[in-house]
Amino acid sequence: MKTDIRINGQLKSFNVKTDETLLDTLRRHGYVGVKKGCDASTCCVCAVLLDDKPVLSCSLLTVRLEGRHVTTIEGIPETASRLSALFGDEGADQCGFCNPSVAIVVHAMAREGIDDENGIRHYLGGHLCRCSGYQAQLLAIKKFLGVTS
Amino acid sequence: MKIERLLRADTLEEAYEALQADKANTLLGGGVWLKQLNRKISTAVDITRLGLDTIEAGEDVIDVGAMVTLRDFETHPAIAGLGNGFLVDCTQRIMSVALRNVATVGGSVIGRFGFSDFLTALSVLDVTLVFYPLKKLSLEAFLHGREKPTGILTNIVIRNETGTGCFKKNANTLLDFARLNLAVFRHRGGYRIAVGARPGVAKRAHESMAYLQGRESLEKEDVDEAATRLVSHVKLGSNNRASADYRKTVAQSYLKRALQEVNGR
Ligand SMILES: Cc1cc2nc3c(=O)[nH]c(=O)nc-3n(C[C@H](O)[C@H](O)[C@H](O)COP(=O)(O)OP(=O)(O)OC[C@H]3O[C@@H](n4cnc5c(N)ncnc54)[C@H](O)[C@@H]3O)c2cc1C
């Protein structure tokens, strides 16, 4: 089924099977910053922005997204590079598999004006990272968002 | 989940007719739950375009469209304002923001999930479900009555009451299903109490509610009696998450704590 979606600002026309997920469509077309982890709506590494809100791309059918705006890590280079420098400073970088999805939600947090640690913790709930222990990531994200308390 | 075709419905009538035409045709809410199932769908019916994704908050009722996402629900001021925000507390403990930006209120009701936190919290409010073709049913009748409506859920109408609510959940982590959940709502004249993940779906504790009816201030004996009635009248069973005994112990403690909390202690 033909489906037109704006990806990172560019209008793209996809021909997809009805049951293809946004995750598979994106990866098939080279947006490989989007990762496939559990593929069962749980780990959040497949998160992208749909009309500016973080969503699980593994749980959305591409054919339902006609006319919508999708943003992947490739579409937020400034957030990505600033955050990765802060991850480096705090020693939060390990395998890096979950970094793109964390950058996606940090981008959403900045847009929504999340301004305290509780809000960040809540927003990161469900984002699984198998290496870091989360503390260093939290410190980096607090710096990114200018949260001091 | 395998899907042969998608129908982007332009009217409720069109969607309903497609659903009636074949048992293998299925309505899509957010589709998150459906994705987990090994189901073959002939025509998946998408009602995204029908404008069922808004919340209208009035003085008497909050009218929630079935396609409103859990995230839009929990961030709406009227929902935050109801019963001291206990619905927000409940919804925020369901998986991740990214899941809740996809999962819908309608799918959460129609699923009648035994583990549901959402249905337990809603069960202590006065909630009417509106279906197409037009049919209205209380949430309690939907969950426990004989009649099983087959239409499309269009709206969830919540009476906008003054009161204080409290939600409790027992689970290993944010990403686990509840072993038990419980909600209490104190309104003028009494209390509503519901327990879910029993492991069956949310149920009101009518005997405890009747006992507490009209009691102004609660003494320790009152609270104990309500807790005793809760576990003797609401069926709590065993499954691989918890035994019936465990659930009974947790349910009693949660009820006592929740009653204290809604009374400002
Ligand atoms: C991994 C995972 C973990 C979860 N954990 C929890 C939890 O801890 N606590 C909790 O409370 N919930 C939990 N949920 C449930 C979740 O919150 C949603 O309730 C669930 O995903 C259903 O919403 P949906 O929009 O995805 O429904 P869908 O998957 O789209 O639909 C579910 C069912 O409802 C039908 N349906 C949908 N909308 C309508 C309508 N308007 N009219 C008629 N029929 C309709 C569909 O045909 C389908 O049969 C979890 C879900 C997942 C996938």
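The structure under discussion appears in the preceding block.
In this report, we go over the structure that sits alongside the text. (Residues numbered from 1 in each chain as written. Chains lettered and ligands numbered in written order. Predicted model: local features only at pLDDT ≥ 70, side-chain atom pairs only at ≥ 80, totals over all residues. Heavy atoms only, no water.)

Remarks on the overall build of chain A
Inclusion rule: In DSSP terms, a helix is any run of H or I states spanning at least four residues, a strand is any run of E spanning at least two, and both are numbered starting from the N terminus. Two things to know: the radius of gyration comes from C-alpha atoms, and the globule rule equals 2.2 Å times the number of residues to the power 0.38. Per-residue accessibility, obtained with a 1.4 Å probe over protein chains only, is compared with the maximum for each type, and a residue is labelled buried under 20%, exposed over 50%, and partly exposed between these values.
Scanning chain A from terminus to terminus reveals five helices and five strands. Mapped in sequence order, the helices and strands of chain A form the string β-β-α-β-β-β-α-α-α-α. Its C-alpha atoms give chain A a radius of gyration of 15 Å, near enough to 15 Å, the size a compact globule of 149 residues would have. Split into buried and exposed, the 149 residues of chain A put 52% on the buried side.

Brief notes about the packing of helix 11 (residues 220–233) of chain B against helix 12 (residues 244–262) of chain B
Residues and elements named next belong to chain B. Counted only if it meets this: What counts as an axis is a line fitted to C-alpha atoms, over the stretch in contact for a helix, and the angles between N-to-C directions run from 0 to 180 degrees. The hand of a helix crossing depends on one turn: near helix anticlockwise from the far one by less than a right angle means left-handed, and clockwise means right-handed. Between two residues, a contact is recorded if the distance between any of their heavy atoms is within 4.5 Å. Residue polarity is assigned by list, with Asp, Glu, Lys and Arg as charged and Ala, Val, Leu, Ile, Met, Phe, Trp, Tyr, Cys and Pro as nonpolar; anything else, Gly included, falls into the polar class.
Following both chains from N to C, one finds helix 11 and helix 12 inclined at 145°, their axes separated by 9 Å at the closest point. Helix-helix and strand crossings are classified by hand; for helix 11 and helix 12 the assignment is right-handed. Residues Val223, Asp224, Ala226, Ala227, Thr228, Leu230 and Val231 of helix 11 form the contact with helix 12, whose own contacting residues are Lys248, Ala251, Gln252, Leu255, Lys256 and Leu259. Looking at side-chain class alone, the contact of helix 11 with helix 12 contains eight nonpolar, two polar and three charged residues.

A short note on the sheet that holds strand 8 (residues 152–159) of chain B
All names here are of chain B. Counted only if it meets this: Any two strands are treated as partners once DSSP identifies two or more bridges connecting them.
Pairing within the open sheet is antiparallel, and its five strands lie in the order 4-5-8-6-7. The sheet is open, and its two edges are formed by strand 4 (55–57) and strand 7 (135–138), each paired on a single side. Sheet twist, expressed as the average angle between the axes of neighbouring strands with direction ignored, equals 20°. Two strands pair when backbone bridges link them, and strand 6 (residues 127–132) and strand 8 are joined in this way by six bridges, in the antiparallel orientation. Residue pairing across strands places Leu129 opposite Ile156, the latter belonging to strand 8.

Regarding the interface of chain B and chain A
The cut-off we apply is this: A 1.4 Å probe defines the accessible area here, and the buried area is the portion of it lost by two parts on being joined, summed over both. Criterion for a salt bridge: a side-chain nitrogen of Lys or Arg within 4 Å of a carboxyl oxygen of Asp or Glu. Under this definition, polar contacts are N or O atom pairs within 3.5 Å; protein pairs additionally need one hydrogen-donor-capable and one acceptor-capable atom, and for neighbouring residues in sequence, both atoms have to be side-chain atoms.
Contacts between the two partners involve 31 residues from chain B and, on the opposite side, 28 residues from chain A. Here chain B meets chain A over a buried area of about 2300 Å², counting both sides, of which 56% is carbon and sulfur. Counting every contact that joins chain B to chain A gives five salt bridges. A salt bridge links Lys35(B) to Asp39(A); its shortest N-O distance comes to 2.9 Å. At the junction of chain B with chain A, the criterion picks out 13 residue pairs in polar contact (both at pLDDT 80 or more). Listing elements by their share of the side of chain B that touches chain A, those giving two or more residues are strand 1 (2–8), helix 2 (32–36), helix 3 (70–74) and helix 6 (97–100) of chain B. With six residues, the single largest contributor to the side of chain B that touches chain A is strand 1 of chain B.

Some thoughts on the pairing of strand 11 (residues 190–196) of chain B
Along any regular strand, the residues point their side chains to alternate faces of the sheet. Residue and element names in this part refer to chain B. Summarising burial for strand 11: seven of the seven residues are buried, a large majority. By the alternation rule, side chains of strand 11 split into Gly190, Arg192, Ala194 and Gly196 and Tyr191, Ile193 and Val195, which are all buried. Following strand 10 (residues 180–187), the chain reverses through two residues before pairing antiparallel with strand 11; Gly189 in that reversal takes a positive phi of roughly 95°. Across two bridges, the pairing between strand 11 and strand 12 (residues 203–204) is antiparallel. Within the sheet, the bridge partner assigned to Ala194 lies in strand 12 and is Arg204. Once strand 11 ends, the chain turns through six residues before running back antiparallel as strand 12, passing Ala197 with a positive phi of about 55°.

Description of the sheet that holds strand 10 of chain B
Strands sit in the order 9-10-11-12 (chain B) across an open sheet of four strands; the sheet is antiparallel. Either end of the sheet is taken by a strand with one partner, and the two such strands are strand 9 (163–170) and strand 12 of chain B.

Section: empty space enclosed by the protein
All names here are of chain A. The condition is simple: For cavity detection a 1 Å grid was placed over the protein atoms alone, and a set of points counts as a cavity when a 1.4 Å probe fits there but cannot get out; an open set counts as a pocket when protein lies on both sides within 12 Å along at least five of seven lines, with lining residues being those that have an atom within 4 Å of a point. Grid points are joined across faces, edges and corners, and a volume is the space filled by probe spheres set on the points.
In this structure the tally under the stated criterion is one cavity of 30 Å³ or more. Taken together, 13 residues line the largest cavity, and the ones lying closest to its centre are Cys38, Asp39, Cys43, Cys46 and Cys58. Grouping the amino acids of the lining of the largest cavity by side-chain chemistry returns eight nonpolar, three polar and two charged.

Focus: unusual backbone geometry
All names here are of chain B. Note the cis peptide between Tyr132 and Pro133, where omega equals -5°. Mapped onto the elements, Pro133 comes out in the loop between strand 6 and strand 7. Here the residue pair Arg198 and Pro199 is connected by a cis peptide bond, since its omega of 15° sits within 30 degrees of zero. With respect to the helices and strands, Pro199 occurs in the loop between strand 11 and strand 12. A positive phi is found at Asn84, a non-glycine position, where the angle reads about 65°. Inspection of the secondary structure assignment puts Asn84 in the loop between helix 4 (77–81) and helix 5 (86–91). With relative accessibility at 65%, the residue Asn84 sits in the exposed group.

Overview of the site of the ligand
Rules: For this description, a residue counts as near a given molecule or strand if any of its non-hydrogen atoms is within 4 Å of it. Note on areas: Shrake-Rupley with a 1.4 Å probe; residue coverage comes only from the protein chains shown. Here the limits of each domain have been adopted from an automatic or database domain assignment.
The ligand sits among 32 residues. The nearest are Leu27(B), Gly30(B), Gly31(B), Thr104(B) and Ser108(B). Mapping the residues near the ligand onto chains gives chains A and B. Separating an oxygen atom of the ligand from a backbone N or O atom of Trp33(B) is a distance of 3.0 Å. One of the backbone nitrogen or oxygen atoms of Leu34(B) is found 2.8 Å away from an oxygen atom of the ligand. Expressed as a share of its isolated accessible area of 970 Å², the protein-covered part of the ligand is 93%. Looking at the shell around the ligand, you find at least three residues from each of domain 1 (2–46) and domain 2 (55–159) of chain B.

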